[in-house]
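# An overview of the molecular structure
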Amino acid sequence: MSTTEWLGPITNELKKKQREAVSRKKPFQYVSVSKALAQDYLSEGWQVDKELKIKTRMRKEWSHDQKLENTVWYLFYLLGYPDISSGRNFKIAIHRKGADPFEKQIDVFAKDDETVVVAECKSASKPSRRSLQKDIEEFSSLKGPISNSIKKYYGKEFKPKIIWLFVTNNIVWSGTDKQRAAGSNIRIITEKELRYYIQIADHLRGAARFQFLAEFLCNQKIPELENVYVPAVKGKLGGKTYYSFVSTPKQMLKISFVNHRSLNDPAGAPSYQRLVSRTRLRQISRFIYNGGFFPTNILVNFTTKRRFDPITKDPDTKVQFGNLYLPSSYRSAWIIDGQHRLYGYAPLDEEYLNQNIMVIAFEGLKKEEEANLFVTINHEQKSVPKTLLDDLEGELKWGSDKPTERVGAISARLIGLLNNDLGEPLYGRVTQQGITPNEKTCLTVPALKDGIRKSGIVGKAILNKKEYSPGPLCGVSDMETLERARATINSYLQLLVSSNIDQWEFGRKGHLCTNVSLQAYLQLLASVISYMESNKGLDARELESNELIAEIEEYLDPIISWLATASNIEIEKRFKVQFGSGGPPEYYFRLCKMLHSEFSDFSPEGFEEWLSEQSEERVTEADKKLKELNINVQKAIFDTFKREYGVEGDAYWNKGVIDKKIKTRAYEKSLEDDDEDRLSLDNYLDFIEYKKIVENKAHWQLFKPIFDIPMPGDKGYSKNVMWMERVNELRRIPAHSTEKRHYKSSDYDFIDYIYDEFMRRVDQMDSNKDV
């Protein structure tokens, strides 16, 4: 695709810049992109990629590698960089001693007054492992010449901080390549981080540049903040040093950083903040613009010890008054609470950026202490979703002595690891607070945690939840458990992915990578491991992860082989289950049935009961007995009335059925039949109306010998006819059969009991009459 096709409306300005640069014989060219031009670029005639909010021409689809470059280009536009490269035709002149000059294509180049970003983009059509050694070494060797060209073009006075990026899509980085990149001061952005930066840049626009720079220029000095101090109060809260002072948004924005759950930076774990709300941010900006202010503090944590020059000290409170020297480096103040209030100033003019804001800063808090403070402040507020607090359990409850909390913390951290494992089945599949879910990113932390907890694979709470019992994937420590479970589950799920990649990629539209299915497959993993241990006499905890998968793979073959050849319609027919709590166990037992057909002794807990509920013979027998109960109950009632009142003039009906509403409904129903097909009115009653007739005090003594049947386990009442209500409910199963409505094992027992007892009493009554 040509430069013209890529940048569309900015082509004319681009060509003008190029002509001017060529005439000056500058070492490279760039294009300054105005907001109006970029808006034209993202206007009519382009279609939206909902995941990354990038627009492409509807008449031509981008290739995966060009889409990556365009996405990175769009990121730096959103971040407010005034100078951005012109695309694939953008080149920088390379000069080396003793070598001929040449031009190096730069995928994306961005510049502002303080920084320069040079990005190399690499993409694959699908997740794959690939050596980047050659690319990294070449990029590293050109850093010096590229830096010299930048200085030559912009002049000696321009001394930028240069950020060297390797941006990849669908490439699984090896540990060795990561070390090479780090050793050359080249930062890595995968598609996961890119999505995060696009999202936050779309919310914050230019203000997001501070977050971006904080990430990539961590601890590097900001010259304009050197030796800047503010009047402050220093004291102790909970044994922790704090400062209370007044600063400005302009000062705080440059040094602040928010560790969002959506980024989950390993160096900053635990990350506890939710992503900024665009709507709330706009409301706050408008509030400030209209003269509003916040009388509450922004709460931060200084990562390093600060210089404080005391002036006076209160002898009673030991509070000191003096001058506090603010940090002068990027990412030196971590925001614990108040990110919306601070970032609300970002899009406003200079006069607002110089307004006073109130700040409380702790000094040297651990990240766990930051997270606990955040939860303490926010857990009662509606603005903090339960899913975020659920996600935080892996950080806040780590190392807990309580078995339930211990299992929850391991599960939460495990889900985070699985979601971050590039190239693995669950990479990027778990929804995170602040990032819009899509068809593929559709799994939730609470659902997966529930599946892990119920499976017991990383342990469970026993003895009234007071003791912790290790699971088959547990190691000698919780950290080892994490790694064992991570490796095992990745390999286990890879078997499913390899068997039917299309069904997996359907996400929530399919039946393989959903909350329901994964809860079922996690439960199946635990059951298959238990079955393997019993059959082979092995202990799963003594096996390495790859050995464990090798030992259980043969037992999974019936499912894997079926998935490999099954059509989407066949998969839906077999595994479409009801929503709600009943879905995962139903899915799980259907999986068990597939294994049971091959391994007859595979019968995990609850399977036999479930299987009996599905038995066609039992279903047919239950249907038959309910039908016979309906017939015999009606016959017993009106045979009794006929003996008591006679049949002349329909006396049995008129004197037996006292309730006028029952009579009216029966008459109305009879009118639905043709005259020649119409039956006597006692044939148009509902089963529940039989109960009302029987329990009527005028006739109870007539019916008590047959109908007074206590429910199983009940002590008995003056009128034991509750069984008729349950029979009425059960009759709906054959009468209104659906996929979700079926008999339970306890239903069969109840039907057998009532049928046998009722028919016994009827036979006994008939025998008494004969005598």
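Residues numbered from 1 in each chain as written. Predicted model: local features only at pLDDT ≥ 70, side-chain atom pairs only at ≥ 80, totals over all residues. Heavy atoms only, no water.

Membership of the largest hydrophobic core comes to 66 residues, with the highest contact counts inside it found for F76, L165, F212 and F245. For this core, the leading source of residues is helix α4 (residues 64-78), giving eight residues. Each residue touching F76, except ones within four places of it in the same chain, is listed here: Y81, I84, V108, A110, V117, L165 and F212. Judged by nonpolar contacts, the second largest core, of 64 residues, contains L496, M532, I571 and L591. (Core = buried A, V, L, I, M, F, W, Y, C linked by side-chain atoms within 4.5 Å. Buried < 20%, exposed > 50% of the residue type's maximum accessible area, 1.4 Å probe, protein only. Helix = DSSP H or I, 4+ residues; strand = E, 2+ residues; numbered from the N terminus. Contact = heavy atoms within 4.5 Å.)

We now examine the packing of helix α21 (residues 545-565) against helix α23 (residues 583-598). Where α21 contacts α23, the axes come no closer than 8 Å and their chain directions differ by 115 degrees. Every pair of crossing elements has a handedness; the one defined by α21 and α23 is right-handed. Only L591, M594, L595 and E598 of α23 make contact with α21, whose side of the interface consists of Y555, L556, P558, I559 and W562. A class-by-class count of the residues in the contact of α21 with α23 yields eight nonpolar, no polar and one charged. (Axes fitted to C-alpha atoms, helices over the stretch in contact; angles between N-to-C directions. Left-handed = near helix turned anticlockwise from the far one by under 90°. Nonpolar A, V, L, I, M, F, W, Y, C, P; charged D, E, K, R; others polar.)

Our focus in this paragraph is the side chain of S285. Mapped onto the elements of the fold, S285 is located in helix α11 (residues 278-289). Judged by relative accessible area, S285 falls into the buried class, the value being 9%. Polar contacts involving the side chain of S285 include one to the main-chain carbonyl oxygen of G344, which spans 2.6 Å. When near neighbours in sequence (up to four residues on either side) are disregarded, S285 contacts G344, P347 and L348. (Polar contact = N/O pair within 3.5 Å; in protein donor to acceptor, adjacent residues only side chain to side chain.)

Attention now moves to the sheet that holds strand β11 (residues 229-237). Strand pairing in a sheet relies on backbone hydrogen bonds. The paired strands run either parallel or antiparallel. One open sheet holds the eight strands; their spatial order is β13-β17-β14-β18-β12-β11-β16-β15, and the pairing between them is mixed. Lying at the two open borders of the sheet, with one neighbouring strand each, are β13 (256-257) and β15 (308-313). As paired strands, β11 and strand β16 (residues 320-325) are joined by six bridges and run antiparallel to one another. In the sheet register, V230 faces β16, and the bridge partner there is L324. (Pairing = 2+ DSSP bridges.)

Attention now moves to helix α5 (residues 133-141). Among the residues of α5, those classed as buried are D135, I136 and F139. End-on view of α5: buried residues confined to an arc of 95 degrees, all on one side of the axis. (Arc of directions from axis to C-beta.)

Now for the pattern of salt bridges. Counted under the stated rule, the structure contains 34 salt bridges. Its salt-bridge partner being D752, residue K625 comes within 2.9 Å of it at the nearest N-O pair. Taken as a pair, K625 in helix α25 (residues 616-645) and D752 in helix α32 (residues 745-770) lie far apart in primary sequence, 127 residues in all. Judged by relative accessible area, which is 12%, K625 ranks as buried. Residue D752 is classed as partly exposed on the basis of its relative accessible area, which comes to 26%. Through salt bridges with shared partners, one network takes in E120, K122 and D135. (Salt bridge = Lys/Arg side-chain N within 4 Å of Asp/Glu carboxyl O.)

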